[in-house]
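# What the coordinates show
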Amino acid sequence: LKEKLELSTIRKRFLISQNQNELAILSFDQVSANYPKSKQSVDFEEIEIEAIKGSDEDLHTIAETLMQLISLSPNSTNKLERAEVLLQLSDSFQS
């Protein structure tokens, strides 16, 4: 296996419940990524909502509530894919 990227994540998790029912886990991730043996790095943040016993409607309500407080953009890529794109963009700006 060849090492492609190094990812480091600091995660803060919060349990979301309503009427003593655990609905979801809300995670705030601070991610740092770099190529191995390179000084080039990127940092980004992600928020994840993971269902426990909540319905799709509950998850949408949580997301809508968060979007009223902070600016969010839905994302279908994983951390590795996002890091690769950001590092490539960063590399093109430095060239």
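It should be emphasised that the depicted structure is a prediction, and the values quoted were computed from it without experimental measurement. (Residues numbered from 1 in each chain as written. Predicted model: local features only at pLDDT ≥ 70, side-chain atom pairs only at ≥ 80, totals over all residues. Heavy atoms only, no water.)

## Re the side chain of Glu46
Rules: The secondary structure listing takes helices from DSSP runs of H or I that are at least 4 residues long and strands from runs of E that are at least 2 residues long, numbered from the N terminus. The cut-offs for exposure are 20% and 50% of the maximum accessible area for each residue type, with area from a 1.4 Å probe on protein chains only; residues under the lower value are buried, those over the upper are exposed, and the others partly exposed. Here a polar contact means two N or O atoms within 3.5 Å. Within protein one must be a hydrogen donor candidate and the other an acceptor candidate, and residues neighboring in sequence count only if both atoms are side-chain atoms. Should any heavy atoms of two residues lie within 4.5 Å, those residues are counted as being in contact.
You can see Glu46 is positioned in strand 3 (residues 41–51). Exposure remark for Glu46: the relative accessible area of 10% places this residue in the buried category. Within the structure, Glu46 has its side chain in polar contact with the side chain of Lys79 (distance 3.0 Å). Apart from residues no more than four positions distant in its own chain, Glu46 is found in contact with Ser27, Phe28, Asp29, Asn75, Lys79 and Arg82.

## Description of the confidence of the model for the protein chain
Condition: Per residue, pLDDT captures the predictor's confidence, and it can take any value from 0 to 100.
Across the protein chain, pLDDT averages 89, with 96% of residues at or above 70. Element-level pLDDT for the protein chain is lowest in helix 2 (residues 79–94), with a mean of 84, against a maximum mean of 95 in strand 1 (residues 6–18).

## What about the environment of Leu59?
Along the chain, Leu59 turns up in helix 1 (residues 56–69). Separated by 24 residues in sequence, Leu59 and Tyr35 place their C-alpha atoms 35 Å apart. Filtering out sequence-adjacent residues up to four positions away, Leu59 remains in contact with Ala24, Ile49 and Ala51.

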